[in-house]
Each structure stands twice: as structure tokens, then as C-alpha cells.
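# Structure at a glance
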Amino acid sequence: MFKVLLSRFLQSVIVLFVLYTITFFLCKAMPGDPLSSEKAMPPHIKKVVEEYYDLNKPVTVQYANRLGKLLQGDPGPSIRLEGRPVAEIIGQAFPISFQLGVIAMFVAITIGIPAGCIAAARRNGLLDTLSMSVAMIGICLPSFVIGPLLAEYFGRKLEALPAYGWSSSNPATWVLPAVTLGLAYAAYLSRLTRAGMLETLSQDFVRTARAKGVPGWKILVRHCLRGGLIPAVAYIGPAFAGIVSGSLVIETVFQIPGLGRHFIKSIETRDTSVILGVTMLYGMLVILANFLTDVAGIWLNPRLRKSA
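Everything quoted here is computed from the prediction, not taken from an experiment.

## Quick notes on the overall build of the chain
- A count of helices and strands for the chain gives 13 helices and zero strands.
- In the chain, the succession of α and β elements from N to C terminus is α-α-α-α-α-α-α-α-α-α-α-α-α.
- Overall, the chain is about 85 × 55 × 35 Å in size when its C-alpha atoms are taken along their principal axes.
- Here the chain, with 308 residues, has 41% of them falling under the buried criterion.
- In the chain, 73% of the contacts between residues at least 6 apart in sequence involve partners at least 24 apart.
- Taken as a whole, the chain presents about 17,200 Å² of accessible surface, with 67% of it coming from carbon and sulfur.
- Charged side chains of the chain number 29 positive and 17 negative; the gap between the two group centres comes to 15 Å.

What follows is the structure, encoded as C-alpha cells:
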């Protein structure tokens, strides 16, 4: 296990370095001036501002300086928000995005995994056909289409749930964004769970258990669930990272004060510090999620555990 962990750590360092490099030079390749605005800035003031943000230095020097600050945990000041530390922006907005991602992941797991298990247990039956058809619809419809439809129907027409906004003390504001974000991942999880359960149900030990008269629910829960969930568990890690990063669009649709608005505005204004800070944060989340998924996969799969 130590070798596995060390290998994952070294791979993570390389991935983060490549991610930083690509993101930095893509920011520099974007057209426009980060200090340009509707109101013209006097040349002497612009010179001082460029010096403050290191914009007057060569690109290689900016690259090294920003990398050094990121290694110290300081993405630097924001250009758009007039020198406000990016770490402070992330510290205030990221907990909301993370909370939304956790709730959406809970929705995806509680809907997707039971649906996949039921579909596998009733293979080629009505429940199997119905659940997989709904799952296919969920995969095909993007969240930015589902979100406005749910907000219009449940928020404005029925007035059952808030159509926009977010409050940590009001769980009703969590429902529509979390369901919108979690439905597509629930659809993927249901199909993966069904495939894994069907493969496990076809094994010899399942036929032996049935021949001995073991009840069907007991075979499903005690004998098949652990092995059948391996494909779903392998997907949950990247899915959680995708949910947290995908919440940027949902936050815009439901007007949630998370990292989404800052990230989108930073791209519009070429705010390199915010872009790098948010991108590296999500990169570390993806790596952490994949790492936890690998550990869970090794625990569930005896073959992987033996090879590790």
C-alpha cells in the first residue's frame, strides 16, 4: 500500500504542475488587457498597478512568481476586485459550492445505486426498462436545461420551493440546485450499478447460493452488493469532482453565491490570480477524489488488494 500511495502522490504532483502550466499560458494567450475598462486609466496610475500585479515583468518571471506563491498557499490578489486576496474570496465562496456538491452527490447516490440494484434484480422486467429509460433521459438532458425547467415549475408555478438563492439555514433552498446537479450523475450511477450487479449475479457462487435455497434479497445484499458496486465506486470519485466543478453553471442558474460567479467573471476580465486559484483548487479536489476512489476500490476488490 505504501508503494501505491507514493506512486499516486508523485503522479499528483506532476498533474498539478502540468495543470498550472497550461492554465497560466492559456490565460496569457487570451485577448485583451486585464486592466482595460470603460473608464480610461491614466498612464502613470496604470504603470503603478501593473507593477503591483507584476504585469510589467516578463512572462517567465510572472510564471515563476505565481508558482512560488501558489506553493506557499497564496494565489495572490485579484485584479477585478481591486487587490482583494484570492484566498479570502475562495474561503468565503468555496464552502457554499462544496456544500452544494456534497448534497448533490448524496442525491445521486441515493437515487442511482438503489435504481441500479432494482433494475439488475428485475432484469428485462418493467422496472428495469422504466428505470434505465429514465436514466438515459437524465444522461441526455444537461443540467443547464433541467435547472430552469425545475425552477419554473416548482419555484414559480407551484411556489413549492425557492427558485433562486441559497441559505445555509434554509434547507428548502438546497433542493432544486442539488437535484438538478445530482440527476445526471444518478443516471450514470444507476447504469454502472446495474452492469456491475448483473456481472456479479452471473457468477458461479451466486448459482450455488440459489441452489442451496438462499433468499434472493440475501443473495443480492450479502453476496452481490460488494462486488457489484465496484464500477459505481470507481465512478463516484471523478463524479464528485465533476459535481463540485460543474456547480459553476448551476450557481449561475440559481443565483447561488459560490465560486461560480467569481470564476466566470475572472475569465471575462482576465483575472489570472482568480483563474489559477480556482483551477488549482478544483485540480486538487479531483486528485483527492480519485485517490479515495482507488483506496475504496482496493478495499472492495480482493484482486486489487492482493496486487497492491
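## With respect to the UniProt feature "transmembrane region" (unreviewed entry) in the chain
- Annotation from UniProt places "transmembrane region" (unreviewed entry) at residues 12–31, 98–121, 133–151, 171–189, 232–254 and 274–300.
- For residues 12–31, the end-to-end C-alpha separation is 31 Å, with 90% helix and 0% strand making up the annotated structure.
- Annotated as residues 133–151, this span is 89% helix and 0% strand, and its ends, taken at the C-alpha atoms, are 23 Å apart.

## Description of the packing of aromatic side chains
- Applying the stated criterion across every chain yields a total of nine aromatic pairs.
- Ring centres of F25 and Y63 lie 5.5 Å apart, and the angle between their planes is 25°; on these two criteria the pair is classed as stacked. Of the two residues, F25 sits in helix α1 (residues 2–29) while Y63 sits in helix α3 (residues 59–71), which places them 38 residues apart along the sequence.
- F25 sits in the partly exposed class, given a relative accessible area of 40%.

## Let's talk about the domain arrangement of the chain
- According to the domain assignment, the chain contains domain 1 (1–72) and domain 2 (89–306).
- Computed from C-alpha atoms alone, the centre-to-centre distance between domain 1 and domain 2 is 32 Å.
- Contact residues are listed per partner, giving 20 residues for domain 1 and 15 residues for domain 2.
- Linking domain 1 to domain 2 there are zero salt bridges.

## Considering the environment of R226
- With respect to the helices and strands, the residue R226 is situated in helix α9 (residues 216–228).
- Overall, R226 belongs to the partly exposed group, its relative accessible area being 40%.
- Taking the C-alpha atoms as reference points, R226 and Q255, 29 residues apart in sequence, are found 40 Å from one another.

## Comments concerning helix α7 (residues 172–201)
- Considering bend angle alone, the principal kink of α7 is centred on L183 and spans about 35°.
- Most of α7 is tucked away: 21 of the 30 residues are buried.

Here is what the cut-offs are and how they apply
- Residues numbered from 1 in each chain as written.
- Predicted model: local features only at pLDDT ≥ 70, side-chain atom pairs only at ≥ 80, totals over all residues.
- Heavy atoms only, no water.
- Helix = DSSP H or I, 4+ residues; strand = E, 2+ residues; numbered from the N terminus.
- Buried < 20%, exposed > 50% of the residue type's maximum accessible area, 1.4 Å probe, protein only.
- Contact = heavy atoms within 4.5 Å.
- Areas by Shrake-Rupley, 256 points an atom, 1.4 Å probe, with all protein chains shown as cover.
- Lys, Arg positive; Asp, Glu negative; His and termini not counted.
- Charge placed at Lys NZ, Arg CZ, Asp CG, Glu CD.
- UniProt positions renumbered as here; feature names shortened; annotations may be inferred.
- Phe/Tyr/Trp six-rings, centres within 6.5 Å; stacked < 30°, edge-to-face > 60°.
- Domains from an automatic or database assignment.
- Salt bridge = Lys/Arg side-chain N within 4 Å of Asp/Glu carboxyl O.
- Bend = angle between axes of the 7 residues up to and from the residue.

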